[in-house]
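# Reading the structure
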Amino acid sequence: MLPSCIRTVCKNQIRSNKALGLISKSGYATEATFETKPYRLHRLEQSPSTTVTLTKEDAIKYYTQLHTIRRMETTAGNLYKDKIIRGFCHLYSGQEAVAVGIKATLRPYDAVITAYRAHGWAQLMGVPPLGVLAELCGRQNGCARGKGGSMHMYCDHFYGGNGIVGAQVPLGVGIALAAKYNGTDGVCITLYGDGAANQGQVFEVYNMAKLWNVPCIFVCENNGYGMGTSAERAAANTEFYTRGDVIPGIWVDGMDVLAVRECFRFAVDFAASGKGPLVIEAATYRYSGHSMSDPGTSYRTRDEIQEVRQTRDPVTSFKEKIISSNLVPADEIKKIDAEIKATVDEATKIAKADKEIGLDELSADIYSLNLEPRIRNVDPFTHLVHKRIGPAVNFK
Amino acid sequence: MATIKTKNMLAKVNSVIARRTFSTTKPAAAKQMTVRDALNSALDEEMERDERVFILGEEVAQYDGAYKVTRGLWKKYGDKRVIDTPITEMGFAEWNSGVGIATGAAMAGLRPICEFMTFNFAMQAIDQIINSAGKTFYMSAGRVNVPIVFRGPNGAAAGVAAQHSQCYGAWYAHCPGLKVISPYNSEDCRGLLKAAIRDPDPVVFLENEILYGVQYPVSDQALDKNFVIPIGKAKIERPGKHITLVAHSKAVDISLEAAKELAGKGVEAEVINLRSLRPLDTDTVAQSVAKTNHLISVEQGWPTCGIGAEILARIMESETFFHLDQPAIRITGADVPMPYAKTLEIAALPQPKDVVEAAKKLLKIK
């Protein structure tokens, strides 16, 4: 790595993120190097590197993940407009690089918890497309059998999916506390938005996480708006990565998956090696409104949205990067796109045709150890019967 | 490993037994134990039994607990397992965040015991108790159970005025997904706290500050390390045949006092100690009413939408209704915020005489 040399010789190339690296016999690279935007640091001497390398294998992996989330969210938006998805639906389109970049750095035993903009995370943490789509449609093949919906998807080491703004942040500190209690070097990635970042409970747990040296990595996904309120109108201090006060913080370009990955390599290592919590602010953007009931255009201009789409889209800009650096040929990308389309379309078809669980499951899994002799029904004349179906992972 | 308290108690037991062999009077009662010591010993034994069990709360560690329920535990188990939290609401519970942290730890497989200085402070944290702890198992279709215990004093104390005297039994018993216990005496506290800690679901354990210092007899069986009382089952504290009095926590005391007075008038009241509010053991109440044909529910909490309201509604809706010779009624706290002035405070809460008068009315005795 000769960062200064690259900088002087290839200034323009860096700006357009062209890559330099090993070129294989076929003319395609097996590895490429890029420069990221600089990080902003709070109470940190060391910084994640702005020079990042990418292997072909990883390029394909991240692109696939990014594009799959994008496609799934677009599908979810359409299903909502068709009234097949009901209630709340908060789309992640535009923010994919944050999740994909973070996931690339996690060990299998690290945990993640987020709020309700969770579909992308559910997939990355292990819920297959059908599990997500069927859950959104409220059907039995959903990862929560259709009982949770958009905001309540769970799988191993992924604790949802939480509906109450900010409540997931203390939960995340608790999960990280458990990792430390059990003597592992596991961390918990605890995500929240710029809106939640002003909540009292967040500051209470900043204090406790720092006091007790808990391996919780707080991640503020700053997409610029808390519902319809811009960050500037909601926060007296919009430098969210500094809001942890004595907790060190980093600002990262959340639209660049490689910057996010590099930042979190640093963060996970920091927390896992016992140095305590961090507050990461990932500057990102959401194309949709806050949720499907918000068109998202009353508080921002269409020009603004278009500008981000054209210049900073996390999926297309990554695609351009890996093609122009000769890492992945364009027709391989096309093939991947087609495969993703086929996978998501197939899952959508199955989800739409899938049934809901039976009414007998209305009273299933209220308790992991039910002690009620009868579950009261709507009327006093008949009663419901409690059933146990799910795995109750903390039962023993 | 016997605590100092247990050793003293065993010494007392030995001296009682020794006395028995020389005494011609009736043998002394079984061992006596305060409610505080009952809770303390249960916590100690369960922490020893399961390494995943730990305690968090305000002043639980170095201060030995605001009401000394956790006395000695920090010294024995250390910082890792008895954690002092700052006074913050959302974070812990009075300290919503603290309760949130504990709930997250339970989701990740530990067995936290969250102490509230009083349940009045839990209102700040109630989102975590109900939305995070209570509902997660259902929302995840049975994947993530939350094995947590929330415990602390509930209801009226003495002279602490309106913001520190509310009973939350009805609030928590209202919510499916939670289990709610309201123990009365030392045996109840030992057996039910152990059951709560061992239970894989979130349990709200409502103690009573006035009862902490009261001694009650404790059987040998209750001193056993594996003594567990089933959650959701009421106990007949005092059998009777003329009228049923059903109560929880301090109100059991009030009902037993009333029963004593009624006995003097030839009325044998059956006193039921609910022990749990969710599940609510209406089967035991129904069986009793089928025998006595009269029912009074006694509680210290407010009347509107309270525990008594629930009991009466269930009796009304079932065939037990037909066993009643008189309408079932409730004796409750007065529907006012708790005043500070002493005589007003007494008037705001049900006294044994209130239960006695009500019983006489129902039974049509002078």
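About the thresholds
- Residues numbered from 1 in each chain as written.
- Chains lettered and ligands numbered in written order.
- Predicted model: local features only at pLDDT ≥ 70, side-chain atom pairs only at ≥ 80, totals over all residues.
- Heavy atoms only, no water.
- UniProt positions renumbered as here; feature names shortened; annotations may be inferred.
- Core = buried A, V, L, I, M, F, W, Y, C linked by side-chain atoms within 4.5 Å.
- Buried < 20%, exposed > 50% of the residue type's maximum accessible area, 1.4 Å probe, protein only.
- Helix = DSSP H or I, 4+ residues; strand = E, 2+ residues; numbered from the N terminus.
- Domains from an automatic or database assignment.
- Contact = heavy atoms within 4.5 Å.
- Patch = residues over 30% accessible without salt bridge, like charges linked within 9 Å, V, L, I, M, F, W, Y side chains within 5 Å.
- Areas by Shrake-Rupley, 256 points an atom, 1.4 Å probe, with all protein chains shown as cover.
- Salt bridge = Lys/Arg side-chain N within 4 Å of Asp/Glu carboxyl O.
- Buried area = accessible area lost by both parts, 1.4 Å probe.
- Polar contact = N/O pair within 3.5 Å; in protein donor to acceptor, adjacent residues only side chain to side chain.
- Nonpolar A, V, L, I, M, F, W, Y, C, P; charged D, E, K, R; others polar.
- Pairing = 2+ DSSP bridges.
- 1 Å grid on protein atoms, 1.4 Å probe; cavity = no way out; pocket = protein on both sides within 12 Å on 5 of 7 lines; lining within 4 Å.
- Points joined across faces, edges and corners; volume = space filled by probe spheres on them.
- Axes fitted to C-alpha atoms, helices over the stretch in contact; angles between N-to-C directions.
- Phe/Tyr/Trp six-rings, centres within 6.5 Å; stacked < 30°, edge-to-face > 60°.
- Lys NZ or Arg CZ within 6 Å of the ring centre and 35° of its normal.

As recorded by an unreviewed UniProt entry, chain B carries the name Pyruvate dehydrogenase E1 component subunit beta and is attributed to Exocentrus adspersus. Under the UniProt heading Subcellular location (unreviewed entry), the note attached to chain B is "Mitochondrion". Taken directly from UniProt, the Function (unreviewed entry) text for chain B runs: "The pyruvate dehydrogenase complex catalyzes the overall conversion of pyruvate to acetyl-CoA and CO2."

Going by the annotation in an unreviewed UniProt entry, the name recorded for chain A is Pyruvate dehydrogenase E1 component subunit alpha, with Exocentrus adspersus given as the source organism. Checking UniProt for chain A, the heading Function (unreviewed entry) contains the comment "The pyruvate dehydrogenase complex catalyzes the overall conversion of pyruvate to acetyl-CoA and CO(2)." Comment text from UniProt for chain A, heading Cofactor (unreviewed entry), reads "thiamine diphosphate".

With that settled, the discussion passes to the nonpolar core. Judged by nonpolar contacts, the single largest core of 78 residues is most densely connected at Phe218(A), Ile129(B), Phe150(B), Tyr172(B), Leu295(B) and Ile311(B). Per-element tally for this core: the top contributor is helix H7 (residues 168–181) of chain A, with 8 residues. Two domains each donate at least three residues to this core, and these are domain 1 (32–223) and domain 2 (235–363) of chain B. In this view, Phe218(A) contacts Val169(A), Val173(A), Thr190(A), Tyr192(A), Val205(A), Tyr206(A), Ala209(A), Ile247(A), Pro277(A), Leu278(A), Val279(A) and Ile280(A); residues no more than four positions away in its chain are not counted. In this structure, Ala99(A), Ala134(A), Val187(A) and Ala282(A) belong to the second largest nonpolar core, which totals 74 residues.

A grouping of Met316(B), Phe321(B) and Phe322(B) is seen on the molecular surface, where their side chains present a nonpolar patch of about 380 Å² in accessible area. Within the fold, Phe321(B) resides in the loop between helix H12 (307–317) and strand S14 (329–331).

As a further point, take the interface of chain B and chain A. At the interface, 59 residues of chain B touch 48 residues of chain A. When the two sides are added together, the surface that chain B and chain A hide from each other amounts to roughly 4400 Å², 61% of it contributed by carbon and sulfur. By the criterion of area lost to chain A, the three top residues of chain B are Ile101(B), Tyr138(B) and Arg143(B), representing 17% of everything that side buries. Across the pair Glu317(B) and Arg376(A) runs a salt bridge, and its minimum N-O distance is 2.4 Å. Here chain B is connected to chain A by 28 residue pairs in polar contact (both at pLDDT 80 or more). Elements that contribute at least two residues to the side of chain B that touches chain A include exactly strand S2 (53–57), strand S3 (82–84), helix H4 (96–107), helix H5 (126–134), helix H6 (136–139) and helix H11 (282–292) of chain B. Counted by class, the side of chain B that touches chain A contains 25 nonpolar, 19 polar and 15 charged residues.

Next up on the list: the pairing of strand S8 (residues 215–218) of chain B. Residues and elements named next belong to chain B. With burial as the criterion, only one face of S8 is covered, namely that bearing Tyr216 and Val218; the residues Gln215 and Pro217 on the opposite face remain uncovered. Sheet topology note: the strand S1 (residues 31–34)/S8 ladder contains 4 bridges and is antiparallel. If you follow Thr34 over to S8, its bridge partner there is Gln215.

All right, on to empty space enclosed by the protein then. Residue and element names in this part refer to chain B. With the rule as written, the count across this model stands at 4 cavities of 30 Å³ or more. As a volume, the largest cavity reaches approximately 140 Å³. Every residue lining the largest cavity is counted, 16 residues in all, and those nearest its centre are Ser165, Gln166, Gln300, Trp302 and Met338. Taken together, the residues of the lining of the largest cavity break down into 10 nonpolar, 6 polar and no charged. Of the volumes computed, that of the second largest cavity is approximately 70 Å³. For the second largest cavity, the full set of lining residues is Asn154, Gly155, Ala156, Cys167, Asn208, His248, Ser249, Lys250, Ala251, Glu299, Gln300 and Gly301.

Before going further, it helps to spend a moment on the sheet that holds strand S12 (residues 276–278) of chain B. Residues and elements named next belong to chain B. Read across the open sheet, the 7 strands follow the order S3-S2-S4-S5-S7-S6-S12; overall the sheet is mixed. At either margin of the open sheet sits one strand with a lone partner, and together these are S3 and S12. When the angles between neighbouring strand axes are averaged without regard to direction, this sheet yields 20°. In the sheet, strand S6 (residues 179–181) pairs with strand S7 (residues 203–207) via 3 bridges, with the strands oriented parallel. Among the inter-strand pairings, Ile181 is bridged to a residue of S7, identified as Phe205. This element, helix H8 (residues 186–198), spans S2, strand S4 (111–115), strand S5 (149–153), S6 and S7 of the sheet and lies at about 160° to S7.

What follows concerns the packing of aromatic side chains. Taken as a whole and assessed by the stated rule, the structure comprises 14 aromatic pairs over all chains. Between Tyr225(A) and Tyr299(A), the aromatic rings sit 5.3 Å apart at their centres with planes inclined by 50°, giving tilted as the arrangement. Here Tyr299(A) lies in the loop between strand S10 (278–283) and helix H11 (302–311) and Tyr225(A) lies in strand S7 (residues 225–226), a separation of 74 residues in the sequence. For the residue pair Tyr225(A) and Tyr299(A), the accessibility class agrees, reading buried in each case. When the centroid spacing of 6.3 Å and the interplanar angle of 20° are considered together, the rings of Phe266(A) and Phe270(A) count as stacked. Here Phe266(A) pairs with Phe270(A), and both are found in helix H10 (residues 257–275), just 4 residues apart, close to one helical turn. In this pair, the class of Phe266(A) matches that of Phe270(A), namely buried. An aromatic cluster is defined as three or more aromatic residues linked by ring pairs; in this entry it consists of Phe116(B), Phe119(B), Phe150(B) and Tyr172(B). The positively charged end of Arg300(A) is found above the aromatic ring belonging to Tyr225(A), 5.6 Å away from the centroid. The positively charged end of Arg309(A) is found above the aromatic ring belonging to Tyr287(A), 4.0 Å away from the centroid.

With that settled, the discussion passes to the side chain of Thr34(B). All names here are of chain B. With respect to the element layout, Thr34 can be found in strand S1. Accessibility expressed as a relative area gives 13% for Thr34, which makes it buried. Only 3.1 Å separates the side chain of Thr34 from the backbone nitrogen of Asp37, close enough to count as a polar contact. Those residues in contact with Thr34 that lie beyond four places of it in its chain are Ser186, Tyr212, Gly213, Val214 and Gln215.

In this section: the side chain of Thr320(B). Structurally, Thr320(B) can be placed in the loop between H12 and S14. Beyond its immediate sequence surroundings of up to four residues, Thr320(B) is in contact with Ala286(B), Val289(B) and Ile315(B).

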